[in-house]
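Close look at the chain arrangement
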Amino acid sequence: MNKPLIAARVPAKVTLKPGTFAWCACGRSSTQPFCDGSHKGTQFTPVFFKIAEEREAWLCQCKQTKNSPYCDGTHKTL
Ligand code: FES
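Considerations on the pattern of salt bridges
If you walk through the whole model with that rule in mind, you get two salt bridges. Taking the shortest distance from any N to any O, the salt bridge between Lys13 and Glu56 comes out at 3.5 Å. Of this pair, Lys13 sits in strand 1 (residues 12-16) while Glu56 is found in strand 4 (residues 55-59), placing the two residues 43 residues apart along the sequence. When the shortest N-O distance is used, the salt bridge between Lys17 and Glu54 registers 3.2 Å. Of the two residues, Lys17 is situated in the loop between strand 1 and strand 2 (19-23) and Glu54 in the loop between strand 3 (47-51) and strand 4; the sequence distance between them amounts to 37 residues.

Written out as structure tokens, the structure is:
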């Protein structure tokens, strides 16, 4: 099984408004940390998640987190 690409070795701090989001799991998206459809043809699919109230979040860009879409610190070990 291929690994996802590392888009960046730091998380992205974003402000999320209520809604549904698609986090890029393949690392190929040009609109990191969100999906732009670039996973087509790979074994990866985006991770959809819902936000009920506006909040800040640190979204993983190294794509190795065990708590997607959120950063869990794994990028520090790469
Ligand atoms: S950016 Fe991936 S775990 Fe922090």
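What follows continues from the structure just given.
As for the packing of aromatic side chains
With the rule as written, the count across this model stands at three aromatic pairs. Ring-pair connections join several aromatic residues into one group, and the members of that group are Phe21, Phe34, Phe49 and Tyr70.

As for the nonpolar core
By size, the foremost hydrophobic cluster in this structure holds 12 residues: Ala12, Val14, Leu16, Phe21, Trp23, Ala25, Phe49, Ile51, Ala57, Leu59, Cys60 and Cys62. Contributing elements (two or more residues each) for this core: strand 1, strand 2, strand 3 and strand 4. Per element, the largest residue contribution to this core is three residues, and it comes from strand 1. If near-sequence neighbours (up to four positions away) are discounted, Ala12 is found in contact with Pro33, Ala57, Trp58, Leu59 and Gln61.

About the criteria used
- Residues numbered from 1 in each chain as written.
- Predicted model: local features only at pLDDT ≥ 70, side-chain atom pairs only at ≥ 80, totals over all residues.
- Heavy atoms only, no water.
- Salt bridge = Lys/Arg side-chain N within 4 Å of Asp/Glu carboxyl O.
- Helix = DSSP H or I, 4+ residues; strand = E, 2+ residues; numbered from the N terminus.
- Phe/Tyr/Trp six-rings, centres within 6.5 Å; stacked < 30°, edge-to-face > 60°.
- Core = buried A, V, L, I, M, F, W, Y, C linked by side-chain atoms within 4.5 Å.
- Buried < 20%, exposed > 50% of the residue type's maximum accessible area, 1.4 Å probe, protein only.
- Contact = heavy atoms within 4.5 Å.

The analysis is restricted to geometry; functional conclusions fall outside its scope.
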